Amino acid sequence: MSSNLRKRVDGQRVAELTRRLIERESENPPGNEAGVGDVVASFCERLGLEVTRQPVAGDRFNVIARLPGRNRNHSFAYNGHLDVVPAGPAELWTTPAFMPDIRDGRLYGRGACDMKGSVAAFLHVLECLVDQDEPPAVDIVFTAVIDEEKSNKGIKALLDSGFHADWCVVGEPTGMDIAIGHRGVIAFELVMDGVACHAAQSQHGANALYHAVEAVQAIRDLDRRWQQQRSNDVLGQSRLQVTGCQSGVKVNVIPARASLQIDGRLACGETEAQVRDALEAELSRLQAAGSIGGWQLNQTTFCPSGLTPADAAISRHCASAVERVRGVTPRRYAFEATCEAAFLMEAGIKTLIIGPGSIAQAHQADEFVALDQLEMAALSYAQIIDSLDEVILSHA
């Protein structure tokens, strides 16, 4: 990184920007990102960037900001999300979730690591780049999207609009290691039908909860087969697991309905149709055998799996850039959770996941990010951008 750019990166400035973003509460649900979106868009507009507020749903919008580079034929994108999960009960927080607090070298608040700290780090890099005498090697595009924590409306709207970049970093928390991919996720609600009656006359009813038990066992057996048959050397195993059950209205009533929650983790590029077909085949088999009655399988979410090879030019480049900042070689691994990187990969964008903080802190009370990680993130993002000529030359 050029010495001038390194000197401009200021860890205290990143912490200040993170605080400002946390203070603009953006819980999802219900999905009230407009306030923090306005803060981000206004910041980019003041820098003189080319800024678009892309409408998505109601008053909710994505922010897309572009800093032109010397080579307009290539572009590097940063992607982050503006929403945070609900803070939960206030009594679980040492300090209020949306009143950021710094103590013991950490910044606390909802979204600190997931992922307003990362967004703030990149915003700071943008303001450092604007102050340089020379533009960056390629176009730098900042994309901040809504609805990552629920149904991915923002990233889908971004890609449906024709957005493209050569390379992208998604700023989810990796401790500034390099996550080269993640498993996909799919979720269903399975509704089992029965016939209600008085528990004293159970011969006249059909217990939907018993039907659910049969379905649980079948899904468990399917999961075991998947663990043996469906695995990826980097992403791990594909899994299908029942994670919730609701049934019953009163202790002496045979339940007419039972609802199961099913979570799937997809390591082998499984499509929505493939997973649904596998589940429906098991349920149809049970129904034909008379073990269950009627059922409805309702899909509630889907995000594909994705993987950028560890030896891809951008993977090597980002690992080298982060190593120059950290002084140690970052590990290249599969991200433990699912994020929106795979949507970008599906669109042909070579994408990695690199951000400050730990995924273990995400969605928890007293969520925090270490201050030194915020500074490291800004320095690393700046280093990645400052040496992008190396990647361009490798593609020449």
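Predicted, not measured: the structure shown is a model, and the values here were computed from it.

Student: Requested: an account of the UniProt feature "domain: Peptidase M20 dimerisation" (unreviewed entry) in the protein chain, with residues and values cited.
Tutor: In the numbering used here, UniProt assigns the feature "domain: Peptidase M20 dimerisation" (unreviewed entry) to residues 180-287. Secondary structure across residues 180-287 comprises 35% helix and 37% strand; the distance between its end C-alpha atoms is 42 Å.

Student: Hey, could you go over empty space enclosed by the protein for me, with residue numbers and the actual values?
Tutor: Taken as a whole, this structure holds 2 cavities of 30 Å³ or more when the rule is applied. Taken as a whole, the largest cavity encloses approximately 40 Å³ of empty space. Those elements that provide at least two residues to the lining of the largest cavity are helix H2 (11-23) and helix H3 (34-46). Among the elements that make up the lining of the largest cavity, the one with the highest residue count is H2 (3 residues). The class makeup of the residues in the lining of the largest cavity is 5 nonpolar, no polar and 1 charged. Taken as a whole, the second largest cavity encloses approximately 30 Å³ of empty space. Lining the second largest cavity, in full, are Ala215, Ala218, Ile219, Leu279, Glu282, Leu283 and Leu286.

Student: I'd like a description of helix H5 (residues 153-160), backed by residues and values.
Tutor: Regarding H5, the residues found buried are Gly154, Ile155, Leu158 and Leu159. Down the axis of H5, the buried side of the element spans an arc of 125°, and every buried residue falls inside it. Among the structural elements, strand S1 (50-57), strand S2 (60-67), strand S3 (71-81), strand S6 (138-145) and helix H9 (341-346) are those in contact with the buried residues of H5.

Student: Explain the packing of aromatic side chains to me, using residue names and the numbers behind them.
Tutor: Applying the stated criterion to the full structure yields 6 aromatic pairs. Each ring, one from Tyr108 and one from Phe368, has its centre 5.4 Å from the other, and the planes form 50°; the classification is tilted. With a gap of 260 residues between them, Tyr108 in strand S5 (residues 106-108) and Phe368 in strand S20 (residues 368-370) connect regions that are remote in the sequence. For Tyr108, a relative accessible area of 8% puts it in the buried group. An aromatic cluster is present here, built from Tyr78, Phe122, Phe142 and Tyr381 joined pairwise through their rings. The lysine or arginine in question, Arg106, covers the ring of Phe368, its NZ or CZ lying 3.9 Å from the ring centre. Between the NZ or CZ atom of Arg331 and the centre of the ring of Tyr333, over which it lies, the distance is 3.8 Å.

Student: For the side chain of Glu282, give the residues involved together with the corresponding values.
Tutor: Mapped onto the secondary structure, Glu282 falls in helix H7 (residues 272-288). Glu282 sits in the buried class, given a relative accessible area of 14%. Those residues within four positions of Glu282 in sequence are excluded, and the remaining contacts are Ala218, Leu222 and Arg225.

Cut-offs applied
- Residues numbered from 1 in each chain as written.
- Predicted model: local features only at pLDDT ≥ 70, side-chain atom pairs only at ≥ 80, totals over all residues.
- Heavy atoms only, no water.
- UniProt positions renumbered as here; feature names shortened; annotations may be inferred.
- Helix = DSSP H or I, 4+ residues; strand = E, 2+ residues; numbered from the N terminus.
- 1 Å grid on protein atoms, 1.4 Å probe; cavity = no way out; pocket = protein on both sides within 12 Å on 5 of 7 lines; lining within 4 Å.
- Points joined across faces, edges and corners; volume = space filled by probe spheres on them.
- Nonpolar A, V, L, I, M, F, W, Y, C, P; charged D, E, K, R; others polar.
- Buried < 20%, exposed > 50% of the residue type's maximum accessible area, 1.4 Å probe, protein only.
- Arc of directions from axis to C-beta.
- Contact = heavy atoms within 4.5 Å.
- Phe/Tyr/Trp six-rings, centres within 6.5 Å; stacked < 30°, edge-to-face > 60°.
- Lys NZ or Arg CZ within 6 Å of the ring centre and 35° of its normal.

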